[in-house]
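Reading the structure
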Amino acid sequence: MRAAVYHQFGGPEVVYVADVPIPIPKSNEVQVALFATTVNSADSRLRSLDVPRGFGLIIRLLLGPFKPRKPILGVDGVGTVSAVGSKVTTFKVGDRVAVCPGIRLGCHAEFMCLPEKGLIASIPPGLDFSNAAGLLFGGTTALVFLREKVRLRAGQKILIIGASGAVGVCAVQIARSLGGKVTAVCSEGNSALVRSLGASEVIDYQSGEYLTSDTKYDAILDCVGATHFSEVRASLLPEGKYVPLVASLPEMLSGVMQSLGSGPKVVSGDAQITRQIIIDLLEMGAKGIVQSVIDRTVPLDQIKAAHERVDSKRKRGAVVVLMSPDAGSESNKV
Ligand SMILES: NC(=O)c1ccc[n+]([C@@H]2O[C@H](COP(=O)([O-])OP(=O)(O)OC[C@H]3O[C@@H](n4cnc5c(N)ncnc54)[C@H](OP(=O)(O)O)[C@@H]3O)[C@@H](O)[C@H]2O)c1
């Protein structure tokens, strides 16, 4: 099968397309023929080891101290079940599924295997492969943090910094669907987009002051690492929650310490994605509650360009990679 592989940490140039053996499912595993995947900020960080301060050693231990142990990146994908192990009962050949193996990786390939009880869910009718792929990374992250950790409720006010990225575009829509009132921070060029997704106010980060003590929020989600808890504290209500998606380890620890007393709290760490989160997100996608924003779609052959686009940190929503040259509209039907 064809796969994008890398054998050293570095820039987009370390990724190339090669022929590798098709993975064979174990008795408890499902093999998926992937239609599409994404290159996202997680792939970029795992490829380059450009991680927030304090996480370098942990990531090296996970991925391989000197070179990547797993040569195929890709934290999510969509496709069709192509084979199942002898003990698999939940999925059958031909099922349309979404997979989110996360740090187990392997989605930048034509085929991947994962446990039947792993992070795999059926794609409901009404949601095509490309749109499902475009939702997975940002949507699962936003759903975990806003619904499960912040527990955003109807009528609450949330400030979303970096509202035009993969997480941001989903966070705006999910916050709205939970009844939140969204103030979005993005560049002027992305203002119309985030408004169309449900933001009631938009502030241009290049010209506007978005942290003022006049307006207090129930939650602040920072998707770009532009703020620290000490700066946002005055803009949070007493029970407010601050979610820094890009915090360094010292910032995370000091945030936790500062949250021990009364007053606003820091909610940080990794998005703990569950199968239910994927199911709920796909359902929201099928109902049109959350729509994917796709920056661009490229074939697997151009995956290096996809990494370059992600590294630019300027993309709007998701960069989708189609796995096969004939992965056209026919096989993308819902
Ligand atoms: N903790 C977790 O579990 C978790 C999970 C997922 C992601 N993350 C992290 O969250 C971050 C965001 O991920 P992502 O995939 O959403 O990123 P992304 O798609 O690469 O974000 C790109 C967007 O950020 C905007 N942007 C850049 N600088 C900005 C600023 N100063 N203020 C406002 N917007 C700005 C850009 O808009 P312009 O071009 O208009 O500037 C662009 O649209 C990544 O660092 C990722 O590692 C953490």
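Residues numbered from 1 in each chain as written. Predicted model: local features only at pLDDT ≥ 70, side-chain atom pairs only at ≥ 80, totals over all residues. Heavy atoms only, no water.

Topic: the packing of aromatic side chains
- Counting across every chain of the model gives three aromatic pairs.
- Ring plane angle 70 degrees and centroid distance 6.1 Å describe the contact between Tyr 6 and Phe 9, whose orientation is recorded as edge-to-face. With respect to class, Tyr 6 is no different from Phe 9; both count as buried.
- Where Phe 229 meets Tyr 242, the ring centres are 5.8 Å apart and the plane angle is 15 degrees; that geometry is what we call stacked. Here the residue Phe 229 occupies a position in helix α6 (residues 229-232), and Tyr 242 occupies one in strand β12 (residues 236-244), the gap between them amounting to 13 residues. Each member of the pair, Phe 229 as well as Tyr 242, is classed as buried.
- Seen from the ring of Phe 129, Arg 96 lies directly overhead, with NZ or CZ sitting 5.0 Å from the centre. (Phe/Tyr/Trp six-rings, centres within 6.5 Å; stacked < 30°, edge-to-face > 60°. Buried < 20%, exposed > 50% of the residue type's maximum accessible area, 1.4 Å probe, protein only. Helix = DSSP H or I, 4+ residues; strand = E, 2+ residues; numbered from the N terminus. Lys NZ or Arg CZ within 6 Å of the ring centre and 35° of its normal.)

Quick look at helix α3 (residues 129-149)
- In this model, α3 (21 residues) spans 28 Å end to end at C-alpha, consistent with the 30 Å of a helix rising 1.5 Å per residue.
- By the largest-angle criterion, Leu 136 marks the main kink of α3, which is about 50 degrees.
- With respect to burial, α3 is a largely interior element, 17 of its 21 residues being buried.
- Where α3 begins, the capping side chain belongs to Asp 128, and its oxygen is found 3.2 Å from the backbone nitrogen of Ser 130.
- Trailing α3 by a residue or two, Arg 151 shows a phi angle of about 55 degrees, which is positive. (Expected span 1.5 Å × (residues − 1). Bend = angle between axes of the 7 residues up to and from the residue. Polar contact = N/O pair within 3.5 Å; in protein donor to acceptor, adjacent residues only side chain to side chain.)

Some remarks on unusual backbone geometry
- Phi at Leu 105 is positive, roughly 60 degrees, even though this residue is not glycine.
- Turning to its location among the elements, Leu 105 is positioned in the loop between β5 (96-99) and β6 (111-115).
- Of the residues examined, Leu 105 reaches a relative accessible area of 5% and is grouped as buried.
- Of note, the phi angle at Lys 313 is positive, near 60 degrees, even though the residue is not glycine.

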